[in-house]
Amino acid sequence: MKLHHELTRESERPLVLAIGFFDGLHRGHMEIVRATRRLRRPGWRCGVLTFANHPASFLRPGQEPPMLCTQAERVDMFARAGFEECFFVPFDQALAQMSPQAFLDALIGLGVHGVCVGTTFRFGHKRAGDVTMMREYLEARGVACVGVPNVADEGERISSTRIRGLVAAGKMDLADHLLGRSYELRGVVELGAGRGHDLGFPTANVRVPEKLLPPDGVYSAVARYDGRDYAALVSIGTNPQFAGERRTVEAWLRDFHETIYGRELALRDLRFVREQRVFDGVDALIAQMQLDLAAVAYPAFG
């Protein structure tokens, strides 16, 4: 996938473009992806225009929502969704001050022959442009414009905001359902305090990604390393048993005995098991950890 960091393009091949922030690239977003593909004609390119930073980080610094995806994850999802070009541009002063007409003219300058957005999409200075204005302006210039209706689940719109609320509440099964895949935590394994090994449960300390984490607690999960899946227990929190202060993500993998410092580990299918708490001594903690293993125990065969 060709990555652009400005609203410029050298290719003369016609382009169809999906536009949005697409945090999480959830089931609602995928309808926009599919609509964009349907606009494509032989010899045309399929692309996405999005922002490297959430617009709120520029417009209302400090009030931007926690992300469902890191920047790298979002770009990777775009590539896997079939986009051939990605305009991954910063939302900055120049873009915030751009009039709706100037924004649409910039799209035309990219060689756009079709645009797909959600029906609630707003753009331009002070969000003055809407889908009706976009369609009228573009279609008068020979560019197709499709507004994709919201997708609902259980009568409620699927949105990144809704999914963030579910992740923040630890309702990972519902979050996964709306995403259309499992919410994933991915990071590099780094050195920890080594307490897990001393307790008989050696853990991989995953560098906390810059994205929304589920609430503190112990979770069952699936860990993926080097192309293989492992049943896992994941602890998210400050490790109150040992008066920790820094929030960490630690994973114990069943039937795994490798040392993987500096390597990447992915955690998915997170399901809440119990809260983190302080036990009456290390022996009580170990006893509870033995009970926690039931969440990732081998199935019984009769």
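See the structure shown above.
What counts and what doesn't
- Residues numbered from 1 in each chain as written.
- Predicted model: local features only at pLDDT ≥ 70, side-chain atom pairs only at ≥ 80, totals over all residues.
- Heavy atoms only, no water.
- Axes fitted to C-alpha atoms, helices over the stretch in contact; angles between N-to-C directions.
- Helix = DSSP H or I, 4+ residues; strand = E, 2+ residues; numbered from the N terminus.
- Parallel < 35°, antiparallel > 145°, perpendicular 65-115°, else oblique.
- Left-handed = near helix turned anticlockwise from the far one by under 90°.
- Contact = heavy atoms within 4.5 Å.
- Nonpolar A, V, L, I, M, F, W, Y, C, P; charged D, E, K, R; others polar.
- Salt bridge = Lys/Arg side-chain N within 4 Å of Asp/Glu carboxyl O.
- Buried < 20%, exposed > 50% of the residue type's maximum accessible area, 1.4 Å probe, protein only.
- Pairing = 2+ DSSP bridges.
- Right-handed = clockwise from strand over helix to strand, strands pointing away.

## Concerning the packing of helix α5 (residues 100–109) against helix α6 (residues 131–139)
Okay, so step 1: At a minimum axis separation of 11 Å, α5 and α6 run at an interaxial angle of 50°. One element, α5, and the other, α6, form an angle in the oblique class. Of the two elements, α5 crosses α6, and the hand of that crossing is right-handed. Here Pro100, Gln101, Leu104, Asp105 and Ile108 of α5 lie close against α6, whose contacting residues are Met133, Met134, Tyr137 and Leu138.
Okay, so step 2: Tallied by class, the residues present in the contact of α5 with α6 amount to seven nonpolar, one polar and one charged.

## A word on the pattern of salt bridges
Okay, so step 1: Evaluation of the coordinates by the stated rule reveals 21 salt bridges.
Okay, so step 2: Where Arg80 meets Asp76, a salt bridge forms, and the shortest distance between an N and an O atom there is 3.0 Å. Within this pair, Arg80 and its partner Asp76 are both found in helix α3 (residues 71–80), separated by four residues, close to a single helical turn.
Okay, so step 3: For Arg80, a relative accessible area of 60% corresponds to the exposed category.
Okay, so step 4: Residues Arg268 and Asp269 are paired through a salt bridge, measuring 3.5 Å at the closest nitrogen-oxygen approach.
Okay, so step 5: Here the salt bridges share partners, and the residues they tie into one network are Arg9, Arg40, Arg45, Glu84 and Glu85.

## A word on the pairing of strand β3 (residues 45–51)
Okay, so step 1: Burial analysis of β3 places seven of its seven residues in the buried class, the great majority of the element.
Okay, so step 2: Neither face of β3 is exposed, since Arg45, Gly47, Leu49 and Phe51 on one face and Cys46, Val48 and Thr50 on the opposite face are all buried.
Okay, so step 3: With five bridges joining them, strand β2 (residues 15–19) and β3 adopt parallel strand pairing. Of the residues in β3, the one forming a bridge with Ala18 is Val48.
Okay, so step 4: Handedness of the crossover joining β2 and β3 through helix α1 (residues 27–39) is recorded here as right-handed.
Okay, so step 5: The pairing of β3 with strand β4 (residues 85–89) spans five bridges and is classified as parallel. Each residue of the ladder has a partner; that of Phe51, found in β4, is Val89.

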